[in-house]
Amino acid sequence: EDSGLVHSAAHCAGFNPMVGQQRSTSLLVPDAHDAFHTYCLDWDEERLVILIDNQVCLTVDNTGDGIASESSLLLDELCISP
């Protein structure tokens, strides 16, 4: 069961499932369904960092293949299941 498991992923030209590369991770937040939490995306020209309650969940450095190096569309998806 995925109860409390929060998934984070970054997709761009170099990091996506279609080319066999994916930058993603999961963090267990036991009370994810029962309490408020802070979700943060810190994104600049050097890296993209996803945090949950100030805990780093995923860091993707800019290696010139799309992350933080070009104008991008940001899709923020939040899915909560019982």
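Just so it is clear, the structure is predicted and the values come from calculations on it, not from any experiment.

Basis of the calculations
- Counting of residues starts from 1 at the beginning of each chain's written sequence and follows it residue by residue.
- Local features in a predicted model are, by the rule used here, given only for residues with pLDDT of at least 70; side-chain atom pairs are given and counted only at 80 or more, and totals for whole chains, interfaces and linings are based on all residues.
- Water and hydrogen atoms were dropped before computing side-chain values, which therefore reflect all heavy atoms in the structure.
- Helix and strand assignments come from DSSP, with helices taken as H or I runs of at least 4 residues and strands as E runs of at least 2, each series counted from the N terminus.
- The buried label applies to any residue whose accessible area, calculated with a 1.4 Å probe on protein chains only, is under 20% of its type's maximum; exposed applies above 50%, and partly exposed to all values in between.
- In this description, contact between two residues means that some pair of their heavy atoms is separated by no more than 4.5 Å.
- Every case where a carboxyl oxygen of Asp or Glu lies within 4 Å of a side-chain nitrogen of Lys or Arg is listed as a salt bridge.
- Two strands are counted as paired when DSSP detects at least two bridges linking them.
- Lines fitted to the C-alpha atoms define the axes, with helices restricted to the stretch that makes contact. Angles between their N-to-C directions range from 0 to 180 degrees.

Engineer: Which residues make up the overall build of the protein, and what are the values?
Structural biologist: The number of helices and strands found in the protein is 0 helices and 5 strands. Counting helices and strands in the order they occur from the N terminus, the protein gives β-β-β-β-β. Burial status across the protein gives 26% buried among its 82 residues. Considering only contacts within the protein whose residues lie at least 6 apart along the sequence, 41% involve residues at least 24 apart.

Engineer: Got a sec to walk through unusual backbone geometry? Specific residues and values, please.
Structural biologist: A positive phi angle, close to 50°, is found at Asp53, a residue other than glycine. Considering the arrangement of structural elements, one finds Asp53 in the loop between strand S4 (47–52) and strand S5 (55–61). The class for Asp53 is partly exposed, based on a relative accessible area of 35%. Phi at Asn54 is positive, roughly 65°, even though this residue is not glycine. Counting through the fold element by element, Asn54 comes out in the loop between S4 and S5. With relative accessibility at 73%, the residue Asn54 sits in the exposed group.

Engineer: Hey, could you go over the pattern of salt bridges for me, with residue numbers and the actual values?
Structural biologist: Scanning the model with the defined rule gives 2 salt bridges in all. Linked through salt bridges whose partners overlap, the residues forming this network are Glu46, Arg47 and Asp61.

Engineer: If you had to explain the sheet that holds strand S3 (residues 39–43) to someone new, which residues and values would you point to?
Structural biologist: Backbone-to-backbone hydrogen bonds join strands into a sheet, with any given pair of strands oriented parallel or antiparallel. Taken in spatial order, the 3 strands line up as S3-S4-S5 in an open sheet, and their pairing is antiparallel. The open sheet has two edge strands, S3 and S5, and neither has a second partner. Taking the axes of each pair of neighbouring strands and ignoring which way they run, one obtains an average angle of 15° across the sheet.

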